[in-house]
Amino acid sequence: MVFLRALSGSKTIAIAQQGRTDLWPEESKLYPFKKFIQKYAFKKAHLIHAWGPVMAIHMKATGVDMDKVLILPKGIDLSLFTPSTNNSNKIEAIVTRSLMPEYRHDCILKAFGILHQKGIDFSLTIVGDGTRLQYLKDLSKELQIENKVIFTGRIPNTELPKLLQQSNIYISMPITEGVSASLFEAMASNCFPVVSDIPGNQSWITHRENGQLITIDNIEMLANELIWSLENPELRNETLIRNRKFVEENANYDINMKVIADQYHKLIDSRK
């Protein structure tokens, strides 16, 4: 759409990039053509809004004029996602990503299968729907953990904050990531984040400092790091406080959207 606006000679063009590159899938035969279109749109744009640092890195590598780039996530509603106290001595994990192959729910289930074999108690709530739902249900039975795994299916957004508050660990294992609102929601709700070790997550999480970074598809590592988090409750609890403060300072929807709106209004006024 932005490409067509640029071709039409539009006087004011703004781009908001949400994904790491917004060119997906990267193995597509059309990737070179998409890359050409994106580069043209970047060149013609007057304002480029990157939701996070990982997008800016890609933009710089593409040759974008960084003087016209605004780096700021839109943030989340902190009045909805509030911290809670969970003193459970077992893992009560939650996954809130779509049940699609790129989110690697199967690896998460297999890691919990290892925990089950080791006699470690847990509960795992998997929120949402997608093409892998039945496969994942069957896999949980195969791993003999179906009694400890809850598949909620699609739920209203109003129910999500409560589910996060009832959990103490948030897990997300995508193979690619831009800026994850789901991660911010979990951090705001006092869930300890365990996420895949990819650039989109590295922007916000440092391993064993304010969460854990897991190599993609490394089931053994995921299981071991979950055990580590269980065995280090003091560090985990300290992390929850820091993460809530971080989200308040960097991902507050009310504050960030005002900054973003002001930038857009300034652009419009300057192009009149």
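The structure reproduced in this document is the subject of the present report. (Residues numbered from 1 in each chain as written. Predicted model: local features only at pLDDT ≥ 70, side-chain atom pairs only at ≥ 80, totals over all residues. Heavy atoms only, no water.)

Moving on, we come to the overall build of the chain. In terms of regular secondary structure, the chain is built from eleven helices and nine strands. Across the 272 residues that make up the chain, the buried fraction comes to 47%. If you sum the accessible surface of the chain, you get close to 14000 Å²; carbon and sulfur atoms cover 51% of it. (Helix = DSSP H or I, 4+ residues; strand = E, 2+ residues; numbered from the N terminus. Buried < 20%, exposed > 50% of the residue type's maximum accessible area, 1.4 Å probe, protein only. Areas by Shrake-Rupley, 256 points an atom, 1.4 Å probe, with all protein chains shown as cover.)

This part is about the layout of surface pockets. A volume near 620 Å³ is recorded for the largest pocket. In this structure, the largest pocket is lined by 23 residues; those nearest its centre are Thr96, Asn157, Leu160, Ser182 and Glu185. Listing elements by their share of the lining of the largest pocket, those giving two or more residues are helix H6 (160-165) and helix H7 (181-188). Counting residues per element, the lining of the largest pocket draws most heavily on H7, at three residues. Looking at side-chain class alone, the lining of the largest pocket contains eleven nonpolar, seven polar and five charged residues. (1 Å grid on protein atoms, 1.4 Å probe; cavity = no way out; pocket = protein on both sides within 12 Å on 5 of 7 lines; lining within 4 Å. Points joined across faces, edges and corners; volume = space filled by probe spheres on them. Nonpolar A, V, L, I, M, F, W, Y, C, P; charged D, E, K, R; others polar.)

Our next topic: the sheet that holds strand E6 (residues 149-153). With respect to topology, six strands assemble into an open sheet ordered E6-E5-E4-E7-E8-E9, the strand pairing being parallel. The open sheet has two free edges, formed respectively by E6 and strand E9 (212-214), since each of these has just one partner strand. Between one strand axis and the next, the sheet turns by 20 degrees as a mean value, whatever way the strands run. Two strands pair when backbone bridges link them, and strand E8 (residues 192-196) and E9 are joined in this way by three bridges, in the parallel orientation. Bridge pairing in E9 places Val195 opposite Leu213. Across the sheet, helix H4 (residues 105-117) is in contact with strand E4 (91-95), strand E5 (122-127), E6 and strand E7 (169-172); its angle to E5 comes to roughly 170 degrees. (Pairing = 2+ DSSP bridges. Axes fitted to C-alpha atoms, helices over the stretch in contact; angles between N-to-C directions. Contact = heavy atoms within 4.5 Å.)

The next thing to look at is the packing of H7 against helix H10 (residues 233-250). Remark: H7 packs on H10, axes separated minimally by 8 Å, with the N-to-C direction vectors making an angle of 125 degrees. When the interaxial angle is binned, H7 and H10 end up oblique. As for how H7 packs across H10, the hand of that crossing is left-handed. Taking contact as the criterion, the partners of Phe184, Met187 and Ala188 in H7 are, on H10, Asn243, Arg244, Phe246 and Val247. Taken together, the residues of the contact of H7 with H10 break down into five nonpolar, one polar and one charged. (Parallel < 35°, antiparallel > 145°, perpendicular 65-115°, else oblique. Left-handed = near helix turned anticlockwise from the far one by under 90°.)

Scanning all chains against the criterion turns up one cavity of 30 Å³ or more. Approximately 30 Å³ is the volume attributed to the largest cavity. For the largest cavity, the full set of lining residues is Cys107, Met173, Ile214, Thr215, Asp217, Asn218, Ile219 and Leu222. Residues of the lining of the largest cavity, tallied by class, amount to five nonpolar, two polar and one charged.

In this section: the pattern of salt bridges. Tallied over the full model, the rule gives eight salt bridges. In this structure, Asp121 engages Lys90 in a salt bridge whose closest nitrogen and oxygen atoms are separated by 3.9 Å. Linking Asp121 in the loop between H4 and E5 with Lys90 in the loop between strand E3 (69-71) and E4, this pair joins segments that are 31 residues apart in sequence. For Asp121, a relative accessible area of 40% translates into the label partly exposed. One continuous salt-bridge network, built from bridges that share partners, spans Lys90, Asp121 and Lys148. (Salt bridge = Lys/Arg side-chain N within 4 Å of Asp/Glu carboxyl O.)

In terms of nonpolar packing, the biggest core is built from 31 residues, with Phe112, Leu115, Leu124, Ile171, Val194 and Leu226 touching the most fellow members. Those elements that place two or more of their residues in this core are E4, H4, E5, helix H5 (133-142), E6, E7, E8 and helix H9 (219-231). Judged by nonpolar contacts, the second largest core, of 22 residues, contains Ile94, Leu160, Leu164 and Ala186. (Core = buried A, V, L, I, M, F, W, Y, C linked by side-chain atoms within 4.5 Å.)

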